[in-house]
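Read off the chains here:
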Amino acid sequence: MSRAAQATINLSALQHNLQRVQQVAPSSQIIAIIKADAYGHGLVRVAKALNAADKFGVAGLEEALQLRNAGIRKPVVLLEGVLAVSELSKAGLQNLEVVVHHISQLETLEEYARTASNAASRLNVWLKVDTGMHRLGFPPSIVQTVWQRLQAIPLVKDVCIMSHLANADDTKDTTTDKQLALFNTASNNIDAKKSMANSAGILNWPMTHMDFVRPGLMLYGVTPFNQDVAADYQLRAVMTLSSQLIAINYFKKGDAVGYGGDWVCPEDMSVGVVALGYGDGYPRHAKSGTPVIVNGQRTDLIGRVSMDMICVDLRGFQNANVGDPVVLWGDGLPVEEVARYASTVAYELLCHVTQRVKFVEVR
Ligand SMILES: *Cc1c(COP(=O)(O)O)cnc(C)c1O
């Protein structure tokens, strides 16, 4: 018997969530962010299903080339740009757009233009401004200068201006307003298309929508907000992680369950064993009490997460049997909720599902 650990990817939900982006940001074009293997959902499968997006965004060249090899022709933005001239010529050949966030990348572009053959392709460029995230981007004070240098490079086609929001998931935080003001001041006199919003910006900060929005997480039916879940925004979970009970055991009051014996039965009770653990990407730090769905009904994870298995509380599940279905997140159990019990974010849980889990597409 093969293991039952499965990630079901609902492509209709994915398409529905893209429509939600269109509804929430009706005047913006959409760069669907599919980096990190489409947040663990499968790069090519997600790109094919999101054919209605205007562009795709990935972290680097390798992911973009995977898309091209799969026959996907849409514009692809390399969100971290590239480091070398050779990568720029590949990007040019494949109609990829590069982010330029650092002076070294500007110099690489200038060198590319100096050394390229006449047949070299022109590139669309995204000038990235650091408005407060303090990770990537030029300081606002030199944006005009960088813009002019980009304009002077013959192999640069269109230049758009972008920035990234640091705190948009916190609706009461004032950072987003400050970032917006800095961005507008820095790019005011520049006639270019502009982009700032990630999922949190799209859902909560309409002023950040501009010409292009860049949804990632919300496409997968998950919100970046601490207290809310996706259904509050009419988003539908795309990934459901599931498995089966492979054992049901009866223990006495005082019996300890699992490694370290952290969890002790408070009474005589039955305990279920689920074939799914951190070797499948379930978070090892999920605490006892993390919700799990057995036979459509919620119960609790108990004891430590093992590599291949977790244990669940089966008190009140008199009719449970070996082979019964278990949902770890997705349908009926928001991954945001599980993330909270594991002291992490939904992004990480989605990205970490491992290759031994069987991926199945449904519509
Ligand atoms: C990952 C990423 C996004 C998408 O962020 P979400 O919070 O997943 O919507 C947008 N823009 C950039 C530059 C990114 O790196």
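**Q** Just to check I follow, could you spell out the overall build of the protein chain for this structure?
**A** Counting its secondary structure elements, the protein chain contains 11 helices and 18 strands. In terms of overall dimensions, the protein chain has C-alpha extents of about 75 × 45 × 35 Å along its principal axes. For the protein chain, the proportion of its 363 residues judged to be buried stands at 52%. Once local pairs closer than 6 in sequence are excluded, the contacts in the protein chain between residues at least 24 apart make up 65%. Accessible surface for the protein chain amounts to roughly 16100 Å². Of this, 48% is attributable to carbon and sulfur atoms. Computing the positive centroid from 33 side-chain charges and the negative centroid from 34, the protein chain places the two 4 Å apart.

**Q** Would you take a moment to explain the site of the ligand for this structure?
**A** Surrounding the ligand, one finds 13 residues, the nearest of these being Lys35, Tyr39, Ser199, Leu217 and Tyr347. A distance of 2.9 Å separates a nitrogen atom of the ligand from a polar side-chain atom of Arg214. Calculation on the ligand without its partners gives an accessible area of 390 Å², and the protein chains cover 92% of this total. Split by residue class, the shell around the ligand holds six nonpolar, four polar and three charged.

**Q** How should I be thinking about the pattern of salt bridges in this particular structure?
**A** Charged atoms that come close allow side chains of opposite charge to pair. As enumerated under the stated definition, the model contains 11 salt bridges in all. The shortest N-O distance in the salt bridge between Asp280 and Arg3 comes to 2.8 Å. Here the residue Asp280 occupies a position in the loop between strand E13 (269–274) and strand E14 (291–294), and Arg3 occupies one in the segment before strand E1 (6–10), the gap between them amounting to 277 residues. Using a relative accessible area of 0% as the deciding quantity, one classes Asp280 as buried.

**Q** Explain helix H8 (residues 175–187) to me, please; I cannot follow it from the model alone.
**A** An α-helical segment advances 3.6 residues per turn. Residues three or four places apart therefore align on the same side. If you check H8, its first and last C-alpha atoms are 18 Å apart, about what 13 residues at 1.5 Å a residue would give, namely 18 Å. Listing the buried residues of H8 in full gives Thr176, Gln179, Leu180, Phe183, Ala186 and Ser187. Along the axis of H8, the buried residues cluster in a sector spanning 135°; they form a single face. Summarising the geometry of H8, the exposed residues directed more than 90 degrees from the buried face are Lys178 and Thr185. Those residues of H8 that are buried lie in contact with strand E6 (123–129), helix H7 (143–151), strand E7 (156–163) and strand E8 (194–195).

**Q** Could you clarify how one ought to interpret the packing of aromatic side chains in this entry?
**A** Aromatic ring pairs: the centre-centre distance and the angle between the two ring planes describe each pair. In the structure shown here, the tally under the stated rule is five aromatic pairs. Ring centres of Phe225 and Tyr233 lie 5.5 Å apart, and the angle between their planes is 35°; on these two criteria the pair is classed as tilted. For Phe225, a relative accessible area of 6% puts it in the buried group. For the ring pair Tyr282 and Trp329, a centre distance of 6.2 Å and an interplane angle of 15° mean the geometry is stacked. Of this pair, Tyr282 sits in the loop between E13 and E14 while Trp329 sits in strand E17 (residues 325–329), placing them 47 residues apart in sequence. Taken individually, Tyr282 and Trp329 each receive the classification buried, so the pair is uniform in this respect. Taken together through their ring pairs, the aromatic side chains of Tyr39, Tyr220 and Tyr347 make up a single cluster.

**Q** How do you make sense of H7 when you look at a structure like this?
**A** Among the residues of H7, those classed as buried are Val143, Val146, Trp147 and Leu150. Down the axis of H7, the smallest arc covering the buried residues is 100°, so these residues share one side. Residues of H7 that are buried sit in contact with helix H6 (103–115), E6, E7 and H8.

**Q** Hey, could you run me through the domain arrangement of the protein chain in this one?
**A** Size of an interface: often given as the accessible area lost when the parts come together. Per the domain assignment, the segments making up the protein chain are domain 1 (11–224) and domain 2 (239–362). Between domain 1 and domain 2, the C-alpha centre-to-centre distance is 37 Å. The junction of domain 1 with domain 2 conceals about 1100 Å² of combined surface from both sides, 61% of it contributed by carbon and sulfur atoms. At the boundary of domain 1 with domain 2, the tally comes to one salt bridge. Glu361 is the partner of Arg45 in a salt bridge, and the nearest nitrogen-oxygen pair spans 2.7 Å.

**Q** Would you mind showing me how to read the pairing of E17 here?
**A** By the criterion of burial, E17 is predominantly enclosed, with four of the five residues buried. Where strand E10 (residues 239–251) and E17 come together, four bridges link them in antiparallel fashion. Bridge assignment links Gln244 to a residue of E17, and that residue is Pro325. Bridge count for E14 against E17 is two bridges, and the pairing is antiparallel. The residue bridging Val294 from the neighbouring strand is Val326, located in E17.

Rules used in this analysis
Residues numbered from 1 in each chain as written. Predicted model: local features only at pLDDT ≥ 70, side-chain atom pairs only at ≥ 80, totals over all residues. Heavy atoms only, no water. Helix = DSSP H or I, 4+ residues; strand = E, 2+ residues; numbered from the N terminus. Buried < 20%, exposed > 50% of the residue type's maximum accessible area, 1.4 Å probe, protein only. Contact = heavy atoms within 4.5 Å. Areas by Shrake-Rupley, 256 points an atom, 1.4 Å probe, with all protein chains shown as cover. Lys, Arg positive; Asp, Glu negative; His and termini not counted. Charge placed at Lys NZ, Arg CZ, Asp CG, Glu CD. Near = heavy atom within 4 Å. Polar contact = N/O pair within 3.5 Å; in protein donor to acceptor, adjacent residues only side chain to side chain. Nonpolar A, V, L, I, M, F, W, Y, C, P; charged D, E, K, R; others polar. Salt bridge = Lys/Arg side-chain N within 4 Å of Asp/Glu carboxyl O. Expected span 1.5 Å × (residues − 1). Arc of directions from axis to C-beta. Phe/Tyr/Trp six-rings, centres within 6.5 Å; stacked < 30°, edge-to-face > 60°. Domains from an automatic or database assignment. Buried area = accessible area lost by both parts, 1.4 Å probe. Pairing = 2+ DSSP bridges.

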